[in-house]
Amino acid sequence: MTSTPDFRLPASLLAMRNIIRFLWRTPTSAFGLIVLGVLILTALFAPWIATHDPYVQNLSNVLQPPGNGHLFGTDELGRDIFSRLVWGSRITLRIIFLVSIVVGPIGLMVGTTAGYIGGRFDTVMMRITDIFLSFPSLILSLAFVAALGPSLNNAIIAIGLTAWPPIARLARAETLTFRKADYIAAARLQGASSMRIIVKSIMPMCLPSVMIRLTLNMATVILTAAGLGFLGLGAQPPLPEWGAMIATGRRYMIDSWWLVTFPGLCILSVSLAFNLLGDGLRDALDPKQMNQR
């Protein structure tokens, strides 16, 4: 008898598959997955989804309501709003990606290092964190953008500089529960350096909680980016950023409701999707939930 080969997925892929299955079985988390999937696909295939050039102006076709070849109508310069929203998804996805790869590592490194080393270093780092947390994120982002200059890249930098403190606080709290564990003491007795213990032993344990917090923070990041764009300090014209589109359309919103309604719905949908997905991830990564599955 010949035995059939046993093909097994790696542990990381198997865990990811189980998490996605758990999220898909929950209606609210499934909604978040669908919205984010649509956002990613729209950003990837924007040239084929958009029906018009998002930058071409047609002054003979300004402020047209939805219909007549323009799914979401036209703006004050005759540009197709649907096409601008489609291309604007790339800007939103860029903000999400860049802020995530900046905020996550910085917050994780600061929190785990402060929690493990402790002492005066922990006190100094946490007081700096408290200073950042004492200001609303939008106000602090406005201050950084005012110093750096209005642009999309500077807005991303400003958001990244203001969004790491909650991650650091969470990572520090997790580290305080892990640093006296037996496996940490064993690694220390074997001669492992503090940095090796932090990177190899503590950070992987803090990663699930940090991912949940980062996902929940993305709604605030999107709203902050839209707020900066609305105030003219984020993406500059003619970039089709959703917050900037609301800012330019607010002057005509009484008679031309579609100028602010559709960009606002896009911001609302993506922000809500991240909140729902973060709640689902929190349940999926809960050990009690994992045992029930």
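Residues numbered from 1 in each chain as written. Predicted model: local features only at pLDDT ≥ 70, side-chain atom pairs only at ≥ 80, totals over all residues. Heavy atoms only, no water.

### As for the nonpolar core
Rules: Residues belong to one nonpolar core when they are buried, are Ala, Val, Leu, Ile, Met, Phe, Trp, Tyr or Cys, and are joined through side-chain atoms within 4.5 Å. Residue exposure (1.4 Å probe, protein chains only): buried if accessible area is under 20% of the type maximum, exposed if over 50%, otherwise partly exposed. Under the scheme used here, helices are H or I runs from DSSP no shorter than 4 residues and strands are E runs no shorter than 2 residues, and both carry numbers assigned from the N terminus. Any two residues whose heavy atoms approach within 4.5 Å are treated as being in contact.
In this structure, Ile95, Val99, Val103, Met218, Trp242 and Phe274 are the most contacted members of the largest nonpolar core, which totals 64 residues. The element best represented in this core is helix H10 (residues 194–230), accounting for 15 residues. Among residues more than four places away in sequence, those in contact with Phe274 are Leu36, Ile96, Thr215, Leu216, Met218, Ala219 and Ile222.

### Observations concerning helix H7 (residues 152–163)
The criterion, for reference: By this rule the span expected of a helix is its residue count minus one, scaled by 1.5 Å.
Taking 1.5 Å per residue, 12 residues should reach 16 Å; H7 reaches 16 Å between its end C-alpha atoms and fits that length. All buried positions along H7 are accounted for by Leu152, Asn154, Ala155, Ile156, Ala158, Ile159, Gly160, Thr162 and Ala163. Turning to H7, the residues buried within the fold contact helix H4 (81–117), helix H6 (137–148), helix H8 (165–178) and H10.

### Topic: empty space enclosed by the protein
To keep things clear, this is the line we draw: Put plainly, a pocket is an open set of points on a 1 Å grid over the protein atoms alone with protein on both sides within 12 Å along at least five of seven lines, a cavity is a set where a 1.4 Å probe fits but cannot get out, and a lining residue has an atom within 4 Å of a point. Grid points are joined across faces, edges and corners, and a volume is the space filled by probe spheres set on the points.
Applying the stated criterion across every chain yields a total of two cavities of 30 Å³ or more. Every residue along the wall of the largest cavity is listed here: Thr92, Ile95, Ile96, Ile222, Ala225, Ala226, Glu241, Trp242, Gly243 and Ile267. At the level of elements, H4, H10 and helix H11 (242–249) are the ones that each hand at least two residues to the lining of the largest cavity. By volume, the second largest cavity amounts to about 30 Å³. Lining of the second largest cavity is provided by Ile95, Leu152, Ala155, Ile156, Ile159, Ala225, Gly234, Ala235 and Glu241.

### Concerning the environment of Leu108
Turning to its location among the elements, Leu108 is positioned in helix H4. Assessed through its relative accessible area of 9%, Leu108 is described here as buried. Residues Leu108 and Leu170, 62 residues apart in the sequence, show an inter-C-alpha distance of 8.4 Å. Leave out the neighbours within four places in its chain, and Leu108 touches Ile167, Ala171, Met203, Cys206, Leu207 and Val210.

### Let's talk about the side chain of His70
In this structure, His70 sits in the loop between helix H3 (46–49) and H4. When residues no more than four places from it in sequence are discounted, the contact partners of His70 are His52, Asn61, Pro65 and Asp80.

### Points about the packing of aromatic side chains
Cut-off, in case you're wondering: Two rings belonging to Phe, Tyr or Trp (six-membered ring only in the last case) form a pair when the distance between their centres is within 6.5 Å. Interplanar angles under 30 degrees mark stacking, angles over 60 mark edge-to-face geometry, and anything in between is tilted. We count a charge as sitting over a ring when the NZ of a lysine or the CZ of an arginine lies within 6 Å of the ring centre and within 35 degrees of the ring normal.
All told, the structure shown has six aromatic pairs when counted by the stated rule. With a centroid separation of 5.7 Å and 85 degrees between ring planes, the pair formed by Trp257 and Trp258 is classed as edge-to-face. Taking relative accessible area as the criterion, Trp257 reaches 43% and is therefore assigned partly exposed. Measuring from centroid to centroid gives 5.8 Å for Trp257 and Phe262, while their planes differ by 45 degrees, and the two rings are tilted. On the accessibility criterion, Phe262 (15% relative accessible area) is buried. Ring-pair connections join several aromatic residues into one group, and the members of that group are Phe72, Phe82, Trp257, Trp258 and Phe262. Above the plane of the ring of Phe230 lies Arg250, whose end atom (NZ or CZ) is 5.2 Å from the centre.

### Examining the layout of surface pockets
For clarity, the cut-off: Here the nonpolar group is Ala, Val, Leu, Ile, Met, Phe, Trp, Tyr, Cys and Pro; Asp, Glu, Lys and Arg are the charged ones; every other residue, Gly included, is treated as polar.
The space that makes up the largest pocket amounts to roughly 740 Å³. Surrounding the largest pocket, 27 residues form its lining, Met211, Thr215, Phe274, Leu277 and Leu281 being those nearest its centre. Mapped by element, the contributors of at least two residues to the lining of the largest pocket are helix H1 (11–25), helix H2 (27–44), H4, H10 and helix H12 (258–284). The element that contributes the greatest number of residues to the lining of the largest pocket is H10, accounting for seven residues. Taken together, the residues that form the lining of the largest pocket break down as 23 nonpolar, four polar and no charged. Roughly 350 Å³ of internal volume is contained in the second largest pocket. If you go around the second largest pocket, you meet 15 residues; those closest to its centre are Val38, Thr42, Trp242, Cys266 and Val270. Elements supplying a minimum of two residues to the lining of the second largest pocket: H2, H4 and H12. With five residues, the top contributor of residues to the lining of the second largest pocket is H12. Residues of the lining of the second largest pocket, tallied by class, amount to 12 nonpolar, three polar and no charged.

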